[in-house]
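Chain and residue survey
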Amino acid sequence: MQILTALEPLRTALSALKSGDNSSHPSALPRLALVPTMGALHEGHLTLVREAKRLAAHVVVSIFVNPRQFGPNEDLATYPRQLAADAALLEAEGVDVLWAPDVEAVYPAGYATSVQVGGLDGVLCGAARPGHFDGVATIVAKLFNQVQPDLALFGEKDWQQLAIIRRMARDLDLTHPHADAILGVPTVREADGLAMSSRNKYLTADERTAAPALNRAMRAAAAHITSGASVEGALEALRVAVLAAGFRQVDYADLRDSDTLENMAAFNGRPARLLVAAHMGKARLIDNVAVE
Ligand code: PAF
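This section reports on the structure supplied with the text. Note that the structure is predicted; figures quoted are calculated from it, not measured.

Parameters and conventions
Residues numbered from 1 in each chain as written. Predicted model: local features only at pLDDT ≥ 70, side-chain atom pairs only at ≥ 80, totals over all residues. Heavy atoms only, no water. Helix = DSSP H or I, 4+ residues; strand = E, 2+ residues; numbered from the N terminus. Contact = heavy atoms within 4.5 Å. Areas by Shrake-Rupley, 256 points an atom, 1.4 Å probe, with all protein chains shown as cover. Lys, Arg positive; Asp, Glu negative; His and termini not counted. Charge placed at Lys NZ, Arg CZ, Asp CG, Glu CD. Near = heavy atom within 4 Å. Polar contact = N/O pair within 3.5 Å; in protein donor to acceptor, adjacent residues only side chain to side chain. Nonpolar A, V, L, I, M, F, W, Y, C, P; charged D, E, K, R; others polar. Buried < 20%, exposed > 50% of the residue type's maximum accessible area, 1.4 Å probe, protein only. Pairing = 2+ DSSP bridges. Axes fitted to C-alpha atoms, helices over the stretch in contact; angles between N-to-C directions. Core = buried A, V, L, I, M, F, W, Y, C linked by side-chain atoms within 4.5 Å. Phe/Tyr/Trp six-rings, centres within 6.5 Å; stacked < 30°, edge-to-face > 60°. Lys NZ or Arg CZ within 6 Å of the ring centre and 35° of its normal.

**Some thoughts on the overall build of the protein chain**
Summing up its helical and strand segments, the protein chain has 10 helices and nine strands in all. For the protein chain, the spread of C-alpha atoms along the principal axes amounts to about 60 × 40 × 40 Å. Put simply, of all contacts in the protein chain between residues at least 6 apart along the chain, 72% involve residues at least 24 apart. Surface exposure of the protein chain reaches about 13200 Å², of which carbon and sulfur atoms provide 54%. One way to put it: in the protein chain the 27 positive side-chain charges average out to a point 1 Å from where the 33 negative ones average out.

Listed below in structure tokens is the structure:
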């Protein structure tokens, strides 16, 4: 695995990978998949990498803790960073290239451009974290341009992020990757149902024991809604259950259209997602489940 931190060597390495494919035995698979991450890799990320390896001839993983998606009072300084350990995990998975630029390489002095996906970015996590999704869309657009992948894979745990990136790809007519080649991979969970997240490291032992109540309450609410209960009543019961389990604040608990993220006051059979963000100790946990 090559570990690269500057754009020119990245481009050279990627064109060498691609020209290798023009040999007499070209692969039938799409050539290049990108898995964007902020590092602190866990089984959820490795599942994305394995899926990328299954679907593409070559895999690039990026690790970049993107300052533009953190608010002024958020955890940029303390966000877990473990590049050497992450690199060892990726090497063992057979990743071709680890793209790990530093902040100055991504946002040099004078950097001025931002990508904003209007509408989708102001609700749910966007309401509590102003500017967060501008930062996400900007870095993902840059990563797509730098790597020019045929496929890109993201975890469904960040459902809103996935919807915004797909919207961006459609709106900007991206071809590397095309919007249809932006793949969501189902959330990987601990045995007790807690969605895997780098931020689970912020939970104390007691909080970690209590945290799976979030997903339990969400699955119960989703089941109530599909069996005909009122959406408002099911969401209120969910909020009460989450607070009773030890979460100190619920930022949102909403039923939304899976694609447009429009609020759904009633379940009408269209693909819907129940999405929640709640605070437990120092951690802000998010999760979502399908309501079908
Ligand atoms: O989901 C993440 O880890 C980040 O938001 C991403 C997509 C790598 C952009 O920084």
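**Some thoughts on the site of the ligand**
Around the ligand lies a shell formed by Pro36, Thr37, Met38, Gln69, Ile139, Phe154, Asp158 and Gln161. Separating an oxygen atom of the ligand from a side-chain N or O atom of Gln161 is a distance of 2.7 Å. Taken by itself the ligand offers 290 Å² of open surface, and the protein chains cover 88% of this. Its residues assigned to classes, the shell around the ligand comprises four nonpolar, three polar and one charged.

**Overview of the environment of Glu236**
By secondary structure assignment, the location of Glu236 is in helix α10 (residues 231-244). Look at Glu236 and you get partly exposed, because its relative accessible area is 42%. Distance in space between the C-alpha atoms of Glu236 and Asn66 is 35 Å, their sequence separation being 170 residues.

**Brief notes about the sheet that holds strand β3 (residues 58-63)**
Strands pair in a sheet through their backbones, by hydrogen bonds, and they do so in one of two ways: parallel or antiparallel. Strand order in the open sheet formed by six strands is β1-β4-β3-β2-β5-β6, with parallel pairing between adjacent strands. The sheet terminates laterally at β1 (2-4) and β6 (182-185), the two strands that pair on one side only. Recorded for the sheet is a direction-independent mean angle of 25 degrees between the axes of neighbouring strands. For β3 and strand β4 (residues 97-99), the ladder comprises three bridges, and the chain directions are parallel. Bridge pairing in β4 places Val61 opposite Leu98. Most of the contacts of helix α2 (residues 43-55) go to strand β5 (residues 151-155), to which it runs at about 155 degrees, and overall it touches β2 (32-37), β3, β5 and β6.

**A word on the nonpolar core**
The biggest cluster of nonpolar side chains holds 43 residues, and the ones touching the most others in it are Val60, Val140, Phe144, Val147, Phe154, Ile165 and Met168. Secondary-structure elements contributing two or more residues to this core are α1 (7-20), β2, β4, α6 (132-147), β5, α7 (159-171) and β8 (272-280). Apart from the residues within four sequence positions on either side, Val147 is in contact with Leu10, Leu14, Lys18, Leu32, Leu34, Val60 and Trp99. Leu194, Met218, Leu238 and Leu255 belong to the second largest nonpolar core, which has 33 residues in total.

**Quick notes on the sheet that holds strand β9 (residues 283-291)**
Spatially, the three strands line up as an open sheet ordered β7-β8-β9, and their pairing is antiparallel. The two strands at the open ends of the sheet, each matched to only one other strand, are β7 (249-257) and β9. For this sheet, the mean angle separating the axes of adjacent strands, direction not counted, is 10 degrees. Pairing analysis gives nine bridges linking β8 to β9, with the strands arranged antiparallel. The residue of β9 that forms the bridge with Arg273 is Ala290.

**Some words on the packing of aromatic side chains**
In this structure the tally under the stated criterion is four aromatic pairs. When the centroid spacing of 6.1 Å and the interplanar angle of 55 degrees are considered together, the rings of Phe64 and Tyr107 count as tilted. With a gap of 43 residues between them, Phe64 in the loop between β3 and α3 (83-93) and Tyr107 in the loop between α4 (103-106) and α5 (125-128) connect regions that are remote in the sequence. For the pair shown, Phe64 and Tyr107 are each scored as buried. A ring pair is formed by Tyr107 and Tyr111, whose centres lie 5.0 Å apart and whose planes are at 70 degrees; its orientation type is edge-to-face. Within the aromatic cluster, the residues linked to one another by ring pairs are Phe64, Tyr107 and Tyr111. Its end group placed over the ring of Tyr107, Arg68 keeps NZ or CZ at 4.6 Å from the ring centre. Here the basic side chain of Arg273 rests over the ring of Trp159, its NZ or CZ set 3.8 Å away from the ring centre.

**Examining the side chain of Gln146**
Tracing the backbone shows Gln146 in helix α6. Engagement of the side chain of Gln146 in a polar contact is seen with the side chain of Trp99, the distance being 3.0 Å. Beyond its immediate sequence surroundings of up to four residues, Gln146 is in contact with Leu7, Leu10, Arg11, Leu14 and Trp99.

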